[in-house]
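Descriptive structure summary
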Amino acid sequence: MRIDEVEVRVVAPKVRRYTWSHDIPEQYMTNTVVIIRTDDGLEGIAGVSNYTSFENDKYTAQNLRHIIPILLGKDPLQRETLWRSMCSRGFPFASGAIAVLDIALWDLLGKMANLPIYKLLGGARDRMLSYASTPLLEDIPAYLSFVSELIKDGFRAVKFHTWCIPEKDLALARAVRTEYQGEGVAFMLDVENNYDRLSALRVARELQDLGFTWFEAPLHDSDLNGYRELTSRVDIPVLPSGNWIQDLQGFAHALQTRAWSIARTDVTVCGGITPGKKAMALAEAAGVNCEVMSWGYTLISAANLHVMLSVSNCTYFEQAVPYEAYEYGMVDTIRTGPDGHVSAPKGPGLGVQVDWRAMDAATILKFSSSSRTMVSVV
């Protein structure tokens, strides 16, 4: 069996756009989708999301033009070898471009074996707790109303993306805790790398007093000294955004030097399921949980969910809400049930079916590469 063709499309649906900080415009969410086809008719499908401020991203797809020729004619089951061959020894390619190909290879293997990916990876469980991950809303009453709806829908945990301004963020945290004292709901705060060290410490201490479950991304991921100082001075778990440390060596160094209370990554950030599973193992060896991002379109959420279900050192699935914008182009979706859990997709591979008619309607760039020809459609 050999890889015969890879098809790439950039999907940019006109869906509701959101932001996660006062200083970030409402984001264009682009879905870069690939299909890997073999010479005996098997297909592996995957997608990665991109978030950009001024127009839809085509950077990931253009990177793929330089990586796909490495795969053509190769055995798709040699994923470890293929992943290493995709990692440039010169200037690095976009991690999402490598990730989407790696995830598609895992989807192909799952379909070949007629098994979901999480079972191929070890299958620790088939369901897990979920938290609702909000966008930035207008004001505190809007947040309180939204939390009320989320609790009615079954959520037992909510993570707030806010203004990322300490006083405004703390005002929301106080209001939420006052409003929902006896509800048994866990709350987290994510401030998108926006605080300085003094503000991070002040907010962390108050969130700790308010009983928040964790404090996410108070500092830039690269500020490991700042994270070490912060985690040593508070008891509330502190974790990074997971967006910026994309290599296993940097991830391992942060774990070894105890920068974070909880680690964080995403398979579309760290280069795919192949390194993502290794990152989870590194965190487990360090005695640390790793709370995986899964924000984005359904294909991205599914890939991350499979990794989470294959391990025991991850507590929550991150459910982006409101649902609809993130479900575009899919027949199958992933939603939190009335018991506050998400369940494994039922089908083989990623286990979610694509609505190709919808994907075609929103495609702004498409090309395919094979050992025979390359065709591009703008």
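Above this text is the structure in question.
The numbering scheme is per chain: residues are counted from 1 as the chain's sequence reads. Only residues with pLDDT of at least 70 get local features here, since the model is predicted, and only at 80 or more are side-chain atom pairs given and counted; chain-wide, interface and lining totals rely on the full set of residues. Hydrogens and water molecules were not included; the side-chain quantities draw on all heavy atoms of the structure.

This part takes up the overall build of the chain. Scanning the chain from N- to C-terminus turns up 13 helices and 12 strands. Taking the principal axes of the C-alpha coordinates as reference, the chain spans close to 65 × 40 × 40 Å. Residue burial in the chain is summarised as follows: out of 378 residues, 59% are buried. A separation of at least 24 residues holds for 74% of the contacts in the chain among residues at least 6 apart in sequence. Accessible surface for the chain amounts to roughly 15,200 Å². Of this, 50% is attributable to carbon and sulfur atoms. Measuring between centres, the 36 positive side-chain charges of the chain sit 4 Å from its 44 negative side-chain charges. Under the scheme used here, helices are H or I runs from DSSP no shorter than 4 residues and strands are E runs no shorter than 2 residues, and both carry numbers assigned from the N terminus. Note on exposure labels: buried denotes an accessible area under 20% of the residue type's maximum, exposed denotes more than 50%, and partly exposed covers the range between, all computed with a 1.4 Å probe on protein chains only. Here a residue-residue contact requires only that any non-hydrogen atoms of the pair lie within 4.5 Å. Each accessible area value is a Shrake-Rupley result obtained with a 1.4 Å probe; residue values ignore everything except the protein chains displayed when judging cover. In summary, the charge assignment counts Lys and Arg as positive and Asp and Glu as negative, without counting His or the chain termini. Think of each charge as sitting on NZ of Lys, CZ of Arg, CG of Asp or CD of Glu.

Our focus in this paragraph is the side chain of Glu216. With respect to the element layout, Glu216 can be found in strand β7 (residues 214-216). As used in this structure description, the phrase polar contact means that two N or O atoms lie within 3.5 Å; if the pair is within protein, one of them must be able to donate a hydrogen and the other to accept it, and residues adjacent in sequence are counted only when both atoms belong to side chains. At a separation of 3.0 Å, a polar atom in the side chain of Glu216 contacts the side chain of Lys159. Setting aside chain neighbours within four positions, we find Glu216 in contact with Tyr131, Lys159, Leu189, Asp190, Val191, Glu192, Leu239, Pro240 and Arg264.

To continue, consider the nonpolar core. Where a protein is soluble and globular, its nonpolar side chains tend to be buried together. We call a set of buried Ala, Val, Leu, Ile, Met, Phe, Trp, Tyr and Cys residues a nonpolar core when their side-chain atoms join them within 4.5 Å. Leu64, Leu101, Phe160, Phe187, Phe212, Phe215 and Trp260 are the most contacted members of the largest nonpolar core, which totals 125 residues. The biggest single contributor to this core is helix α3 (residues 95-113), with 11 residues.

Of the pockets and cavities examined, the largest pocket occupies roughly 920 Å³. A 1.4 Å probe that fits but cannot get out identifies a cavity on a 1 Å grid over protein atoms alone, an open set with protein on both sides within 12 Å along at least five of seven lines counts as a pocket, and a residue lines either if it has an atom within 4 Å of a point. Together, 34 residues line the largest pocket, and Ser49, Tyr51, Asn243, Val269 and Met293 are the ones closest to its centre. Of all the elements in the fold, those that place two or more residues in the lining of the largest pocket are β3 (43-52), α1 (59-71), α3, β5 (157-161) and α10 (267-270). No other element matches the five residues that β3 contributes to the lining of the largest pocket. In this classification, the charged set is Asp, Glu, Lys and Arg, the nonpolar set is Ala, Val, Leu, Ile, Met, Phe, Trp, Tyr, Cys and Pro, and all remaining amino acids, among them Gly, are polar. Along the lines of polarity and charge, the residues of the lining of the largest pocket split into 12 nonpolar, 14 polar and eight charged. Trp83, Cys87, Ile98, Gln246 and Asp247 are, among the 18 residues lining the second largest pocket, the residues nearest its centre. Its residues assigned to classes, the lining of the second largest pocket shows 10 nonpolar, five polar and three charged. Grid points are joined across faces, edges and corners, and a volume is the space filled by probe spheres set on the points.

With axes taken as lines fitted to C-alpha atoms, and helix axes fitted only over the stretch in contact, angles between N-to-C directions fall between 0 and 180 degrees. Axis separation between α1 and helix α2 (residues 79-86) bottoms out at 10 Å; the angle between their running directions is 140°. Here α2 runs oblique to α1, going by the angle between their axes. Two packed elements cross with a definite hand, and for α1 against α2 that hand is right-handed. Of the residues in α2, those touching α1 at Ile67, Ile70 and Leu71 are Leu82, Ser85 and Met86. What sets the label is the angle itself: under 35 degrees gives roughly parallel, over 145 gives roughly antiparallel, 65 to 115 gives roughly perpendicular, and the rest give oblique. Rotating anticlockwise by less than a right angle from the far helix to the near helix defines a left-handed crossing, while the corresponding clockwise rotation defines a right-handed one.

A few words now on the pattern of salt bridges. Salt bridges are identified by distance alone: a Lys or Arg side-chain nitrogen within 4 Å of an Asp or Glu carboxyl oxygen. Following the criterion strictly, the structure yields 22 salt bridges and no others. One salt bridge connects Glu7 with Arg37, and the closest N-O pair in it is separated by 3.2 Å. Separated by 30 residues along the polypeptide, Glu7 in strand β1 (residues 3-11) and Arg37 in strand β2 (residues 28-38) bring together distant segments of the chain. Note that Glu216 is salt-bridged to Arg264, the shortest N-O span being 2.9 Å. In this pair, Glu216 sits in strand β7 while Arg264 sits in the loop between α9 (248-256) and α10, placing the two residues 48 residues apart along the sequence. The burial state of Glu216 is the same as that of Arg264; both residues are buried. Within this structure, Glu5, Glu7, Arg9, Arg37, Glu43 and Asp360 form a network of salt bridges that share partners.

What follows deals with the packing of aromatic side chains. Pairing of aromatic side chains here covers Phe, Tyr and the six-membered ring of Trp, requires ring centres within 6.5 Å, and sorts the geometry by plane angle: under 30 degrees stacked, over 60 edge-to-face, intermediate tilted. According to the stated counting rule, one finds 14 aromatic pairs in the structure shown. Both rings, one in Trp20 and one in Tyr51, keep their centres 5.6 Å apart while their planes meet at 85°; by these two values the pair is edge-to-face. Of the two residues, Trp20 sits in the loop between β1 and β2 while Tyr51 sits in strand β3, which places them 31 residues apart along the sequence. Relative accessible area serves as the criterion here: at 29%, Tyr51 is assigned to the partly exposed category. Where Phe251 meets Trp260, the ring centres are 5.8 Å apart and the plane angle is 50°; that geometry is what we call tilted. An aromatic cluster of at least three residues, connected via ring pairs, comprises Tyr143, Phe160, Trp163, Tyr180, Phe187 and Phe212. Put simply, a charge is over a ring when the Lys NZ or the Arg CZ is close to the ring centre, within 6 Å, and near the line of the ring normal, within 35 degrees. Sitting above the plane of the Trp106 ring, Arg79 keeps its charged end 4.2 Å from the centroid.

Attention now goes to the state of the cysteines. Pairs of cysteine sulfur atoms within 2.5 Å are what we label disulfides. Under the defined criterion, the tally for this structure stands at zero disulfides. Free of any disulfide, Cys290 has its nearest neighbouring cysteine sulfur in Cys314, separated by 6.8 Å. On the basis of relative accessible area, Cys290 is assigned to the buried category, the value being 0%.

Interhelical geometry of helix α5 (residues 140-152) versus helix α6 (residues 166-179) gives an angle of 40° and a closest axis separation of 10 Å. It follows from the interaxial angle that α5 and α6 lie oblique. For the crossing formed where α5 meets α6, the hand is right-handed. In this structure, α5 contributes Ile140, Tyr143 and Leu144 to the contact, and α6 contributes Ala171, Leu172, Ala175, Val176 and Glu179. Tallied by class, residues from the contact of α5 with α6 come to seven nonpolar, no polar and one charged.

Attention now goes to the environment of Met128. Within the secondary structure layout, Met128 lies in strand β4 (residues 127-133). Sequence separation of Met128 and Leu309 is 181 residues, and the distance between their C-alpha atoms is 7.3 Å. In this structure Met128 touches Leu305, Met308, Leu309, Cys314, Thr315, Tyr316, Phe317, Gly340, His341 and Val342, once residues within four positions along its chain are discounted.

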